[in-house]
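The chain contents come next:
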Amino acid sequence: MTDKAADQNAAKAPDLALAVLNSIQNPVILVDVDGHVVFANWEAESFFGASANHLAKHKVSTLIPFGSPLLTLIEQVRERRAPVSEYRVDLSSPRLGADKLADIYVAPVTTEPAGSVVVVIQERSMADKIDRQLTHRGAARSVTGLASMLAHEIKNPLSGIRGAAQLLETSVLDEDRALTRLIRDETDRIVSLVDRMEVFSDERPVDRVPLNIHAVLDHVKAVAKAGFGRNVKITELYDPSLPPVFANRDQLVQVFLNLIKNAAEAIGDRPDGEIQLTTAYRPGIRLSVAGTREKISLPLEFCVHDNGPGVPGDLLPHLFDPFITTKTNGSGLGLALVAKIIGGHGGIVECDSQGSRTTFRVLMPASRGVSEDDDFIKTKGHI
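Bear in mind that the values here come from a model prediction, so they are computed numbers and not experimental data.

Reading the values: the criteria
Residue positions are given per chain, counted from 1 along the sequence in the order it is written. The predicted origin of the model limits local features to residues at a pLDDT of at least 70 and limits the giving and counting of side-chain atom pairs to 80 or more, whereas totals for whole chains, interfaces and linings rest on all residues. Think of the side-chain values as coming from all heavy atoms in the structure, minus any hydrogens and water. The pLDDT value expresses, per residue, how confident the predictor is, ranging between 0 and 100. Residue contacts follow a heavy-atom distance rule, with two residues in contact if any of their heavy atoms lie within 4.5 Å. In plain words, nonpolar cores are sets of buried Ala, Val, Leu, Ile, Met, Phe, Trp, Tyr and Cys residues tied together by side-chain atoms within 4.5 Å. When accessible area is computed with a 1.4 Å probe and restricted to protein chains, residues below 20% of their type maximum are described as buried, those above 50% as exposed, and intermediate ones as partly exposed. Secondary structure elements are defined from DSSP: runs of H or I of at least 4 residues count as helices, runs of E of at least 2 residues count as strands, and each element is numbered from the N terminus. In this description, a line fitted to the C-alpha atoms serves as the axis of each element, helices being fitted only across the stretch in contact, and the angle between N-to-C directions of two axes falls anywhere from 0 to 180 degrees. With the far helix as reference, a near helix turned anticlockwise by less than a right angle produces a left-handed crossing, and one turned clockwise produces a right-handed crossing. All residues other than Ala, Val, Leu, Ile, Met, Phe, Trp, Tyr, Cys, Pro, Asp, Glu, Lys and Arg, Gly among them, are scored as polar; the first ten of these are nonpolar and the last four charged. By definition here, a salt bridge exists when the distance from a side-chain nitrogen of Lys or Arg to a carboxyl oxygen of Asp or Glu is within 4 Å. What makes two strands pair is DSSP finding at least two bridges between them.

Colleague: Honestly, the confidence of the model for the chain in this entry has me stumped. Any pointers?
Modeller: Low pLDDT marks regions whose predicted coordinates should not be analysed in detail. In this model, the chain carries an average pLDDT of 76, and 73% of its residues clear a pLDDT of 70 or more. Note that pLDDT drops below 50 for residues 4–12; the model gives that stretch two contacts with residues more than four away or on any other chain. Taken together, the stretch residues 369–383 has pLDDT below 50 and engages in 28 contacts with residues farther than four places along the chain or on a different chain.

This is the structure:
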């Protein structure tokens, strides 16, 4: 290598180092001897919810919970001048959010200024959520078997019971007809429930095409505003640069109609009730495919936020299990069906609820094709 080429490479080194740090899909910060954050990569900005310039004005102790083990780790690294790792460190706080478990790696920086350390944070929450999602899929498969059994073993006897009730209705006294109508109505209700469960036993492959998710969400919003969501404010915050998602349009409409309907029912008659639809690109989330070494990237994030009363903490881990519901007359199958549909698309769905802020988050793979709704993007001004 010539001296000129070496000088050019040396000049490019800082920019290259910055690009490498920003490409790392974990928060990375540099903390100086006084405890100030002198550098933060893009993931760190997202993790702390502030820009690098804003973070540089604060000490790391003001960004994390009081007495956090991270502060002790930083001091240990400075004293020993050797890297330290700690697993499952709780960083939960009002600023960072609840359920913020992370693996922490802290290492000394050998260059000036002395006493600086680099901190790498690897969130465990998404891995734990993916584990729970696989549990939800197992529960959905259990419902699939139950649905098949119910369809064959229950619907036929119910038809006989309903027919007998209709015959009795023609021969009983007027005061007894209310009882025959009750038998008929309750039989119809059971058949309707079995019909809903039969959806779980449908394992046929679905037709999927590249879709613009914003077209789907705008359609769902229009349906909601014309019916159950007419009294709720629905806003959007879309990422205009999202690639298309490879999915079945009707099933995505079903998923988001269900999520928005749940949000609207949770809000109820609150005058300040609001539902927000957001889309974003979140690289770095990868899900292993069972039975293979393949990993699917899930960079597309679609969220439904609401300011309802929230989900009880004891219910949250089981929210996508069948027959789990907070509604008085709910069947508890809606969210289980959402989990089944998204799982069938190779994605995951999770719920975060903190106080009066509930978020249903759908993560899905991107399509390599071209969206069939490109005209919509242009007419709506998304690009």
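Colleague: Looking at this model, I keep getting lost on the nonpolar core. Mind explaining?
Modeller: Nonpolar side chains tend to gather and get buried jointly when the protein is soluble and globular. With 41 residues, the main nonpolar core has Ile213, Val245, Leu252, Phe256, Leu259, Ile275 and Phe302 as its most contacted residues. Elements supplying a minimum of two residues to this core: helix H8 (213–225), strand E8 (245–247), helix H9 (249–267), strand E9 (274–281), strand E12 (300–306), helix H10 (334–344), strand E13 (348–354) and strand E14 (357–364). Ranked by the residues each element gives to this core, the list is headed by H9, at nine residues. Residues in contact with leucine 259, not counting those within four places in the same chain, are Val304, Leu335, Val338, Phe360 and Val362.

Colleague: Would you explain the packing of H9 against H10 in this entry?
Modeller: A packed helix pair is summarised by two numbers, namely the angle formed by the two axes and the spacing between the axes. It is the contact of H9 with H10, at a shortest axis distance of 10 Å, that shows an interaxial angle of 145 degrees. Between H9 and H10 the crossing geometry is left-handed. Note on element contacts: H10 touches H9 through Gly334, Leu335, Leu337, Val338, Ile341 and Ile342, opposite Gln251, Leu252, Gln254, Val255, Asn258, Leu259 and Asn262. When grouped by side-chain class, the residues that make up the contact of H9 with H10 number eight nonpolar, five polar and no charged.

Colleague: Explanation requested: unusual backbone geometry in the structure shown.
Modeller: Backbone phi values are negative for most residues with the exception of glycine, while trans is the configuration of most peptide bonds. In this structure, arginine 81 is a non-glycine residue whose phi angle is positive, near 55 degrees. Locating arginine 81 in the fold gives a position in the loop between helix H4 (69–80) and strand E3 (84–90). The exposed category is assigned to arginine 81, whose relative accessible area is 72%.

Colleague: Looking at this structure, I do not really get the pattern of salt bridges. What am I missing?
Modeller: Opposite charge on two side chains allows them to pair when their charged atoms are near. Summed over the entire model, instances satisfying the criterion amount to nine salt bridges. Of the charged contacts, one joins arginine 78 and glutamate 75 as a salt bridge, the two residues approaching to 3.1 Å between their closest N and O atoms. Taken as a pair, arginine 78 and glutamate 75 lie in helix H4 at a separation of three residues, close to a single helical turn. A salt bridge links aspartate 352 to arginine 361; the nearest nitrogen and oxygen atoms lie 2.5 Å apart.

Colleague: Hey, could you run me through the sheet that holds strand E1 (residues 28–31) in this one?
Modeller: Paired through their backbone hydrogen bonds, the strands of a sheet run either parallel or antiparallel. The strand order across the open sheet built from five strands is E2-E1-E5-E4-E3, with neighbouring strands paired in antiparallel fashion. The sheet is open, and its two borders are formed by strand E2 (37–40) and E3, each paired with just one other strand. For this sheet, the mean angle separating the axes of adjacent strands, direction not counted, is 25 degrees. Of the strand pairs in this sheet, E3 and strand E4 (residues 101–108) are connected by five bridges, and their pairing is antiparallel. Within E4, the residue paired with aspartate 90 across the bridge is leucine 101. Sitting on the sheet, H4 touches E1, E3, E4 and strand E5 (117–123), and the angle it makes with E4 is about 20 degrees.

Colleague: Explanation requested: the sheet that holds E13 in the structure shown.
Modeller: In spatial order, the strands read E7-E9-E12-E14-E13; together these five strands make up an open sheet with mixed pairing. Two strands close off the open sheet at either side, each with one partner strand: strand E7 (233–237) and E13. Each adjacent strand pair in this sheet contributes to an overall mean axis angle of 15 degrees, direction not counted. Two elements, E7 and E9, share five bridges in a ladder whose sense is parallel. Looking at the pairing, leucine 237 lines up with threonine 278 of E9. The sheet contacts of H9 involve E7, E9, E12 and E14, and relative to E12 the element is tilted by about 25 degrees.

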